[in-house]
Amino acid sequence: MYRAVDALRRELRIRGGVELQLKKMIPVGRGLGGGSSDAAAALLGYLRLTRKKLAAARLMEMAAFFGRGCPVFFVGRASAGNK
């Protein structure tokens, strides 16, 4: 989550920081999408907070860097992926 927001901050050339707080409900590394959903939510939340926009293709590309499952959370429906 922290790395995702930092990457987006650099992508958008924003100098200021932001404070993040995370309350985990799904463990990272268990194959349940916990870390991926955290990164996706952080990316979307930061865009909303800064009132910035990013092309959907670029957002998906950035999300994929933070986990194979991360882009799935932008789709809004069930999705199949490869291991």
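Structure's up top.
This report concerns the structure included in the present document. Just so it is clear, the structure is predicted and the values come from calculations on it, not from any experiment. (Residues numbered from 1 in each chain as written. Predicted model: local features only at pLDDT ≥ 70, side-chain atom pairs only at ≥ 80, totals over all residues. Heavy atoms only, no water.)

**A word on unusual backbone geometry**
Despite not being glycine, R13 has its phi angle at roughly 60°, a positive value. Phi at R51 takes a positive value of approximately 55°, unusual for a residue other than glycine. Tracing the backbone shows R51 in the loop between helix 2 (34-50) and helix 3 (56-65). (Helix = DSSP H or I, 4+ residues; strand = E, 2+ residues; numbered from the N terminus.)

**Comments concerning the pattern of salt bridges**
Scanning all chains against the criterion turns up four salt bridges. Note that E11 and R58 form a salt bridge whose closest N and O atoms lie 2.8 Å from each other. In this pair, E11 sits in helix 1 (residues 2-11) while R58 sits in helix 3, placing the two residues 47 residues apart along the sequence. Classification of R58 by relative accessible area gives partly exposed; the value is 27%. As a salt-bridge pair, R58 and E61 come within 3.2 Å of each other at their nearest N and O atoms. In this pair, R58 and E61 are both assigned in helix 3, three residues apart and thus about one turn of the helix distant. Judged by its relative accessible area of 51%, E61 is exposed. (Salt bridge = Lys/Arg side-chain N within 4 Å of Asp/Glu carboxyl O. Buried < 20%, exposed > 50% of the residue type's maximum accessible area, 1.4 Å probe, protein only.)

**A short note on the environment of Y46**
Following the sequence through the fold, Y46 ends up in helix 2. Overall, Y46 belongs to the buried group, its relative accessible area being 4%. Separated by 26 residues in sequence, Y46 and L20 place their C-alpha atoms 9.8 Å apart. Excluding anything up to four places from it in sequence, Y46 contacts V5, L8, R9, I14, G16 and V18. (Contact = heavy atoms within 4.5 Å.)

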